[in-house]
Amino acid sequence: MNGFKPRDWNSHAPYIAPGYKSTILRGPTKPLIALSGGISEASGPVFARAAIRDLDWDLTRNGRVNGEPLGERIVVHGRVLDGDGRPVPHTLIEVWQANAAGRYVHKVDQHDAPLDPNFRGSGRCMSDENGNYVFYTIKPGAYPWGNHFNAWRPNHIHLSLFGPGFATRLVTQMYFPGDPLLALDPIFLGTPDEAARNRLIAKFSIEKTEEGFALGYQFDIVLRGRLATPMED
Amino acid sequence: MTYGETPSQTVGPYFAYGLTPVQYGYDFTDIANHVVAGRDAKGEHIRITGQVLDGKGEPVSDAMIEIWQADHEGAYSTEPVSIKDTGFRGFGRCGTGTDGQNLFMFETVKPGCVADASAPFINVTVFMRGMLTHAFTRLYFDDVPATNANCPVLQSVPADRRDTLIAKRTDTPTGPEYRFDIHMQGDTETVFFDV
């Protein structure tokens with residue numbers, strides 16, 4: 001017993017998802033072998049709050065050279081929870097994304113949309129003792145990719161989390177409500193269950209919107225739950 | 001009330017400046033790198049190298065490997081990972097896009113056997129473009145065959161696939177190196193676990 005409930009495979013995409021062509025040669029083809037696990041999977045790396053520097057959680061500022069980054073400022077709020085709704089405190093969240101024009105800083109990205117000298121597009125934050133997190137950024141643009149004719153990725157932000165153990169590790173993407181590309185995107189659609197898929201879409205929040213500054217989005221992230229409710233004390 | 005898990009999604013090809021910035025030359029700090037055990041860590045210092053190979057046997061240039069392991073006495077670190085630490089960190093992360101052969105590489109110490117296991121091993125997680133959910137595997141060591149033969153986890157794996165979990169040691173002028181190639185598909189497809 002590794003301390004966590006089995007992964008809910010209805011919430012995750014299969015390794016081979018033919019609509020997303022790259023999976024065909026890269027996803028494992030043989031069945032996974034069950035591993036009841038132990039302390040190796042129940043434990044995992046921890047990161048100190050000191051790992052988060054002052055501007056890491058503000059992508060509108062951490063890449064500035066000589067001015068404001070271009071695009072629509074947003075503030076992303078959310079909670080990191082487990083499958084029983086318990087907060088996951090003090091867990092590191094790493095984020096990365098394209099700029100407002102749909103271009104990544106990565107040198108391999110050859111899309112001819114402009115780079116923004118004042119936007120790097122990466123940062124990190126940490127959930128607090130109640131599982132709450134927040135970061136500021138620019139709404140990422142859509143961009144074309146080579147998967148199929150006229151393929152464009154919907155606007156999205158990549159997020160990486162550890163949670164309490166190596167078994168709870170998650171890398172995911174946050175999407176935006178109302179994006180017409182979602183219905184056409186084989187990465188988003190790779191998650192077969194509609195309800196699960198819709199958990200990848202943030203909610204616009206006028207309450208979280210900051211007057212005159214940034215539009216608010218709410219995005220809760222649910223990691224695997226524990227096998228048993230831990231004692232409160 | 002139960003809450004459904006947030007689905008996993010691919011890291012995509014451009015994870016470098018989010019997850020492995022220093023390795024890829026970006027001017028932004030890392031939270032972890034290929035050094036799992038610093039020079040002051042106790043134990044036998046070793047190097048782990050390998051490639052991630054796709055269904056055509058081609059090395060993957062946009063994969064990222066994470067490892068998590070016990071120290072030389074079989075204990076997991078509960079201290080925060082700090083790349084300034086020259087001792088045992090336990091956690092490492094390396095992308096395959098900065099080496100000419102698309103190798104990943106870790107500097108670490110050979111782990112001791114953890115309390116509830118019967119052979120020493122390292123937890124390995126594979127992320128890459130083209131994989132919507134990351135994959136878990138384990139690295140065992142080829143120089144402890146008798147110990148491996150008693151390991152219930154290895155024994156739970158079909159005999160003809162067990163070798164895919166066992167790293168091969170070479171003693172080099174710069175120290176012991178274990179080779180651990182990860183085959184995503186094919187006759188030698190690496191065993192992946194449902195953890």
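Small disclaimer: the values here were computed from a predicted structure and weren't measured.

From N to C terminus, chain B includes 3 helices and 10 strands. In chain B, the order of α-helices and β-strands from amino to carboxyl end is α-β-β-β-β-β-β-α-α-β-β-β-β. For chain B, the C-alpha radius of gyration of 17 Å lies close to 16 Å, the compact-globule estimate for 195 residues. If you line up chain B on its principal axes, its C-alpha atoms span 50 × 45 × 40 Å.

So, on to unusual backbone geometry. Trans peptide bonds make up the majority, and among non-glycine residues the majority have a negative phi. Here the phi dihedral of A:His90 falls at roughly 55°; this positive angle occurs in a residue that is not glycine. Assignment of secondary structure puts A:His90 in the loop between strand 2 (73-82) and strand 3 (92-97). With a phi angle near 60°, B:Asn102 is a residue other than glycine that sits in the positive phi range. Counting through the fold element by element, B:Asn102 comes out in the loop between strand 3 (91-95) and strand 4 (103-109). You can call B:Asn102 buried: its relative accessible area is 14%.

Let us now look at the pattern of salt bridges. Evaluation of the coordinates by the stated rule reveals 21 salt bridges over all chains. Across the pair B:Arg138 and A:Glu41 runs a salt bridge, and its minimum N-O distance is 3.0 Å. Of this pair, B:Arg138 sits in strand 6 (residues 135-141) while A:Glu41 sits in helix 2 (residues 39-42), placing the two residues on different chains. Side by side, B:Arg138 and A:Glu41 carry an identical accessibility label, which is buried. A salt bridge links A:Arg86 to A:Asp82; the nearest nitrogen and oxygen atoms lie 3.2 Å apart.

Cross-referencing UniProt, the feature "domain: Intradiol ring-cleavage dioxygenases" (unreviewed entry) maps to residues 76-104 of chain A in the present numbering. For residues 76-104 of chain A, the helix share is 0%, the strand share is 45%, and the end-to-end C-alpha distance is 19 Å.

With that settled, consider the nonpolar core. The biggest cluster of nonpolar side chains holds 31 residues, and the ones touching the most others in it are A:Phe47, A:Leu92, B:Phe91, B:Tyr140, B:Leu165 and B:Phe193. Secondary-structure elements contributing two or more residues to this core are strand 6 and helix 3 (152-155) of chain B. With near-sequence residues (within four places) excluded, B:Tyr140 lies in contact with B:Ala119, B:Pro120, B:Phe121, B:Asn148, B:Cys151, B:Val153, B:Leu154, B:Leu165, B:Ile166 and B:Ala167. Counting residues in hydrophobic clusters, the runner-up holds 26 residues, among them B:Val52, B:Phe106, B:Ile122 and B:Phe141.

Once that is clear, we can look at the pairing of strand 5 (residues 132-138) of chain A. Residue and element names in this part refer to chain A. Burial analysis of strand 5 places 5 of its 7 residues in the buried class, which makes it a mostly covered element. Pairing analysis gives 7 bridges linking strand 2 to strand 5, with the strands arranged antiparallel. Of the residues in strand 5, the one forming a bridge with His77 is Val134.

For the rest of this paragraph, the subject is the interface of chain B and chain A. With 73 residues of chain B in contact, the opposing surface of chain A contributes 84 residues. Counting the surface lost from both chain B and chain A, the interface buries some 6700 Å², and carbon and sulfur atoms represent 58% of this. Ranking the residues of chain B by area buried against chain A places B:Glu5, B:Tyr14 and B:Tyr17 at the top, with a combined share of 13%. There are 4 salt bridges connecting chain B and chain A. Across the salt bridge formed by A:Arg169 and B:Glu66, the nearest N and O atoms sit 2.7 Å from each other.

What follows deals with the side chain of B:Thr133. If you trace the backbone, B:Thr133 turns up in the loop between strand 5 (121-128) and strand 6. On the basis of relative accessibility, which here comes to 1%, the residue B:Thr133 falls in the buried class. Looking at B:Thr133, its side chain comes within polar contact range of the main-chain oxygen of A:Ala13, at 3.5 Å. When residues no more than four places from it in sequence are discounted, the contact partners of B:Thr133 are A:Trp9, A:His12, A:Ala13, A:Tyr15 and B:Ser8.

A separate point is the UniProt feature "domain: Intradiol ring-cleavage dioxygenases" (unreviewed entry) in chain B. Those residues carrying the UniProt feature "domain: Intradiol ring-cleavage dioxygenases" (unreviewed entry) are residues 48-76 of chain B in this numbering. End C-alpha to end C-alpha, residues 48-76 of chain B measures 19 Å, and it is 0% helix and 41% strand.

Glancing now at empty space enclosed by the protein. On inspection of all chains with the given rule, the structure shows 4 cavities of 30 Å³ or more. By volume, the largest cavity is sized at about 50 Å³. Together, A:Arg7, A:His12, A:Thr168, A:Arg169, A:Leu170, A:Val222, A:Leu223, A:Arg224, B:Glu5 and B:Thr6 line the largest cavity.

Parameters at a glance
Residues numbered from 1 in each chain as written. Chains lettered and ligands numbered in written order. Predicted model: local features only at pLDDT ≥ 70, side-chain atom pairs only at ≥ 80, totals over all residues. Heavy atoms only, no water. Helix = DSSP H or I, 4+ residues; strand = E, 2+ residues; numbered from the N terminus. Rg over C-alpha atoms; globule rule 2.2 N^0.38 Å. Buried < 20%, exposed > 50% of the residue type's maximum accessible area, 1.4 Å probe, protein only. Salt bridge = Lys/Arg side-chain N within 4 Å of Asp/Glu carboxyl O. UniProt positions renumbered as here; feature names shortened; annotations may be inferred. Core = buried A, V, L, I, M, F, W, Y, C linked by side-chain atoms within 4.5 Å. Contact = heavy atoms within 4.5 Å. Pairing = 2+ DSSP bridges. Buried area = accessible area lost by both parts, 1.4 Å probe. Polar contact = N/O pair within 3.5 Å; in protein donor to acceptor, adjacent residues only side chain to side chain. 1 Å grid on protein atoms, 1.4 Å probe; cavity = no way out; pocket = protein on both sides within 12 Å on 5 of 7 lines; lining within 4 Å. Points joined across faces, edges and corners; volume = space filled by probe spheres on them.

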